[in-house]
Amino acid sequence: MARVYAGIDIGTAHVKVVITMEEPGGGLRVAGAALSVSKGMRHGYIVNVSDAAKSVGEALERAQRAAGVRVRHARLAIGGVGLDELKSAGEISLTASGGEVTERDMQRVIQESERRASSKLVNKKVIHAIPLAFRIDGTEILGRPVGMKGTKLSVDTLLITAFEQHVNDLIAAVEMAHVEIDDIMASPLAASLATLTKAQKIAGVVLANIGAETVSIVVFENDTPISVKVLPVGSSDITSDLALS
């Protein structure tokens, strides 16, 4: 039986659900998609969990009917004004004689960059820790440092964060709809996977997503996200301004 994948995005105006299935020859096919009017939301964060859960349940039910399957697990997109960025850096020792960098070393130094930023992460959760540049003994490495030798490995990272309570409320709303969250992802990065080409990301590009009450922005350079911002203004503000003019 083909594997089923589901994605959920809880926005201020709408809850969006897409269900995909694996194709026999590889790849994914969209089997069902639906949306419902969001309730219990404000600027992308939840103000009433039970109302938000009802909206999630409605969108899920419609998408499941269209796909002809039941969803028990899903991936969740995280957005809203609580989404932010923080730059950090980490450094670890290899060996005095010049150790060879491994995948585990790369993970260790990224985790060290998160640890060093912990004082600035009160009430926040790191959604993504994205390495911007690696250095061995102070020399910047182009690409991956795995297999290279040195005594110290350092990294500059972009930490994409969200308010922990915001994340917990979103997860709770989905779980109240009887779906377990497998993973979470920042909404601007999720949007970039669907809308930007690799060539655009390498050349440098800004992707802006105008929602009802927020505008999310992600900046790419050399195929790497270097900045993520969410502004507390959206299309409904433009509509209101036009109505009052």
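Just above sits the structure.
The following paragraphs examine the structure supplied in this document. On a predicted model such as this, the values are computed, not experimentally measured, just so you know. (Residues numbered from 1 in each chain as written. Predicted model: local features only at pLDDT ≥ 70, side-chain atom pairs only at ≥ 80, totals over all residues. Heavy atoms only, no water.)

## A look at the sheet that holds strand β2 (residues 14-22)
And then number 1: If you trace the five strands from one edge of the open sheet to the other, you get β3-β2-β1-β6-β13, paired in mixed fashion. Of all the strands in the sheet, just β3 (28-37) and β13 (180-186) have a single pairing partner and so form its edges. For this sheet, the mean inter-axis angle between neighbouring strands, taken without regard to orientation, is 20°.
And then number 2: Of the pairings in the sheet, the one linking strand β1 (residues 4-10) to β2 comprises seven bridges and is antiparallel in character. Considered in β2, the bridge of D9 is made with K16.
And then number 3: Most of the contacts of helix α1 (residues 49-67) go to β3, to which it runs at about 145°, and overall it touches β1, β2 and β3.
And then number 4: Relative to β13, helix α4 (residues 187-195) is tilted by about 85°, and along the sheet it contacts β1, β6 (73-78) and β13. (Pairing = 2+ DSSP bridges. Helix = DSSP H or I, 4+ residues; strand = E, 2+ residues; numbered from the N terminus. Axes fitted to C-alpha atoms, helices over the stretch in contact; angles between N-to-C directions. Contact = heavy atoms within 4.5 Å.)

## With respect to the packing of aromatic side chains
And then number 1: On inspection of all chains with the given rule, the structure shows zero aromatic pairs.
And then number 2: A cation over a ring is seen here: K124 above F163, with NZ or CZ 5.5 Å from the ring centre. (Phe/Tyr/Trp six-rings, centres within 6.5 Å; stacked < 30°, edge-to-face > 60°. Lys NZ or Arg CZ within 6 Å of the ring centre and 35° of its normal.)

## Examining the environment of S36
And then number 1: Note that S36 resides in strand β3.
And then number 2: Look at S36 and you get buried, because its relative accessible area is 1%.
And then number 3: Residues in contact with S36, not counting those within four places in the same chain, are A13, H14, V15, S55, E58, A59 and R62.
And then number 4: At a separation of 2.6 Å, a polar atom in the side chain of S36 contacts the main-chain carbonyl oxygen of S55. (Buried < 20%, exposed > 50% of the residue type's maximum accessible area, 1.4 Å probe, protein only. Polar contact = N/O pair within 3.5 Å; in protein donor to acceptor, adjacent residues only side chain to side chain.)

## Things to note about helix α3 (residues 164-176)
And then number 1: With 13 residues, α3 should reach 18 Å at 1.5 Å per residue; the first-to-last C-alpha distance of 18 Å fits that figure.
And then number 2: Taken residue by residue, α3 has H166, V167, D169, L170, A173 and V174 as its buried positions. The arc enclosing the buried residues of α3, seen along the axis, measures out at 165°, which places them on a common side.
And then number 3: Once α3 ends, the next one or two residues include H178, with phi positive near 70°. (Expected span 1.5 Å × (residues − 1). Arc of directions from axis to C-beta.)

## Thoughts on the pattern of salt bridges
And then number 1: Under the criterion given, the structure shown has twelve salt bridges.
And then number 2: A salt bridge links R116 to E112, with the nearest nitrogen and oxygen atoms 3.1 Å apart. A residue pair is termed a helical-turn pair when its members lie 3 or 4 positions apart in one helix, as R116 and E112 do in helix α2 (residues 103-116) at four residues.
And then number 3: Classification of R116 by relative accessible area gives partly exposed; the value is 44%.
And then number 4: For R135, the salt bridge goes to D156, with nearest N and O atoms at 2.8 Å. Here the residue R135 occupies a position in strand β9 (residues 124-136), and D156 occupies one in strand β12 (residues 152-163), the gap between them amounting to 21 residues.
And then number 5: The class for D156 is partly exposed, based on a relative accessible area of 25%.
And then number 6: Members of the salt-bridge network, linked through shared partners, are E61, R65 and R70. (Salt bridge = Lys/Arg side-chain N within 4 Å of Asp/Glu carboxyl O.)

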